[in-house]
Amino acid sequence: MILLAEDEVKIAKLLIHLLKKEGYEVDHATNGLEALDYLSMNTYDIIILDWMMPEMDGIEACKEMRLRGYEGGILMLTAKDTLDDKIIGLESGADDYLIKPFEFRELRARLRALERRSNKSIRRDEMVKGAFKIDRSQQKAYYKEAAFDFSKKEYLLFELLFENIGKTITRATIIDRVWGIDGEITENNLEAYIRLLRKKINTKCKDKVIVTVRGIGYKMEV
C-alpha cells in the first residue's frame, strides 16, 4: 500500500490513477501533517513525499516519520535538482529521490526497486483486540482465529474502524480512506457496505461491534 503526499491536485489525481492501474492501493495526503495523520492510522509499504507542501514540507515530514519508527521505503519528489538538495533529501531519511518533471515509467521502476529492498524484511503486521485480530500483511481479519470472508473493500473498512476502536470516523473520512479521492461511492452505498459488514461479523460474533453515530459516521466497540 502506498501513501502519496502531494499538494498539487492535478498531479496527485494522475499519479493515483496510474498507480492504481499498476495494482497499488493508494491513500492521498495534501500536506506533511496530513501524511503523518494517515501514517498513524494505516500501514504503508512505501510513502511518496513531495518536497514543497504547505503546513509541513516533505523534508520535515520525512524526518518525523523516521523518528516515529517508520521503516518502509520513502521516495522524495521535487523540482530541486542540485547535489546539495539531493543530499538534504537523502539525509532526511528518504531512500530515493526523483526530480520533477519525470516519466511515470521511471517512478514505477524506482517503486519496484524500493519494494525489492523492503521484501528482505517483510514481517507479519498484526493487531489484536479482545477476540478480534487483523493481519495487515495478508489483509485478513479474524474472530477467535476464524477468518472472516471479507472482500478487499470490506477488509479495508473493517481495518480502518478496528485501528480506531472507540473513535467515531466520519462518513467522508471513511469514503476517502477506503475508496480514495476518485472513489465513486455515495453515503448510501457506504451504509450498504456497513450492513453487509455487520452481517458477516454476526456470523461469528453476536455482539454489536459496529455502532452508527447518527449524523456523523461509525465507530467500532470491542
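Above: the structure in question.
Treat the numbers as computed from the prediction; the structure is a model and nothing was measured. (Residues numbered from 1 in each chain as written. Predicted model: local features only at pLDDT ≥ 70, side-chain atom pairs only at ≥ 80, totals over all residues. Heavy atoms only, no water.)

1. Some thoughts on the overall build of the chain
Working step 1: In terms of regular secondary structure, the chain is built from 8 helices and 12 strands.
Working step 2: Over its C-alpha atoms the chain spans a radius of gyration of 18 Å, differing by no more than 12% from the 17 Å that the globule rule assigns to 222 residues.
Working step 3: A principal-axis box enclosing the C-alpha atoms of the chain has dimensions of 60 × 35 × 30 Å.
Working step 4: Summarising the internal contacts of the chain: among those between residues at least 6 apart in sequence, 55% fall at separations of at least 24.
Working step 5: Carbon and sulfur atoms form 48% of the exposed surface of the chain, whose accessible area is close to 11,800 Å².
Working step 6: The average position of the 38 basic charges and that of the 39 acidic charges among the side chains of the chain differ by 7 Å. (Helix = DSSP H or I, 4+ residues; strand = E, 2+ residues; numbered from the N terminus. Rg over C-alpha atoms; globule rule 2.2 N^0.38 Å. Contact = heavy atoms within 4.5 Å. Areas by Shrake-Rupley, 256 points an atom, 1.4 Å probe, with all protein chains shown as cover. Lys, Arg positive; Asp, Glu negative; His and termini not counted. Charge placed at Lys NZ, Arg CZ, Asp CG, Glu CD.)

2. Thoughts on the pairing of strand E2 (residues 26–29)
Working step 1: A two-sided burial pattern is seen for E2, the buried positions comprising Val26 and His28 on one face and Asp27 and Ala29 on the other.
Working step 2: Following the backbone out of strand E1 (residues 2–5), through helix H1 (residues 9–21) and into the adjacent parallel E2, one traces a crossover that is right-handed. (Buried < 20%, exposed > 50% of the residue type's maximum accessible area, 1.4 Å probe, protein only. Right-handed = clockwise from strand over helix to strand, strands pointing away.)

3. A look at the packing of aromatic side chains
Working step 1: If you walk through the whole model with that rule in mind, you get 9 aromatic pairs.
Working step 2: Aromatic side chains Trp51 and Tyr97 sit 6.4 Å apart centroid to centroid with 90 degrees between the ring planes, which places their arrangement in the edge-to-face category. Residue Trp51 is located in the loop between strand E3 (46–50) and helix H3 (58–67), and its partner Tyr97 is located in strand E5 (residues 96–99); the two are separated by 46 residues in the primary sequence.
Working step 3: Its relative accessible area of 7% is what places Trp51 among the buried residues.
Working step 4: Its relative accessible area of 7% is what places Tyr97 among the buried residues.
Working step 5: Between the aromatic rings of Phe132 and Phe158, the centroid separation amounts to 6.3 Å while the plane-to-plane angle is 40 degrees, which identifies the pairing as tilted. Of this pair, Phe132 sits in strand E7 (residues 132–135) while Phe158 sits in helix H6 (residues 152–162); the two residues are 26 residues apart in sequence, bridging distant segments of the chain. Each member of the pair, Phe132 together with Phe158, is buried.
Working step 6: Put simply, the rings of Phe132, Tyr143, Phe148, Phe150, Phe158 and Phe162 touch in pairs and so form one group of aromatic residues.
Working step 7: Across the ring face of Tyr142, the terminal group of Lys133 is positioned such that the distance to the ring centre comes to 4.9 Å. (Phe/Tyr/Trp six-rings, centres within 6.5 Å; stacked < 30°, edge-to-face > 60°. Lys NZ or Arg CZ within 6 Å of the ring centre and 35° of its normal.)

4. A few points about the nonpolar core
Working step 1: In terms of nonpolar packing, the biggest core is built from 29 residues, with Phe132, Phe158, Leu161, Ile174, Ile201 and Ile210 touching the most fellow members.
Working step 2: Breaking this core down by element, the ones donating at least two residues are E7, strand E8 (140–143), H6, helix H7 (171–179), helix H8 (187–202) and strand E12 (217–220).
Working step 3: Per-element accounting of this core gives the leading share, 7 residues, to H6.
Working step 4: Leaving out residues up to four positions away in the same chain, Ile201 has contacts with Phe132, Phe148, Phe150, Phe158, Val209 and Ile210.
Working step 5: Judged by nonpolar contacts, the second largest core, of 22 residues, contains Leu3, Ala5, Tyr44 and Met76. (Core = buried A, V, L, I, M, F, W, Y, C linked by side-chain atoms within 4.5 Å.)

5. Re the packing of H6 against H8
Working step 1: Where H6 contacts H8, the axes come no closer than 10 Å and their chain directions differ by 85 degrees. Between H6 and H8, the crossing angle belongs to the class labelled roughly perpendicular. Contacts between H6 and H8 involve Lys153, Glu154, Leu157, Phe158 and Leu161 from the former and Leu190, Tyr193, Ile194, Leu196, Leu197, Lys200 and Ile201 from the latter.
Working step 2: Of the residues contributing to the contact of H6 with H8, the split by class is 9 nonpolar, no polar and 3 charged. (Axes fitted to C-alpha atoms, helices over the stretch in contact; angles between N-to-C directions. Parallel < 35°, antiparallel > 145°, perpendicular 65-115°, else oblique. Nonpolar A, V, L, I, M, F, W, Y, C, P; charged D, E, K, R; others polar.)

6. Remarks on the environment of Leu67
Working step 1: With respect to the secondary-structure elements, Leu67 resides in helix H3.
Working step 2: The exposure class of Leu67 is exposed, given its relative accessible area of 70%.

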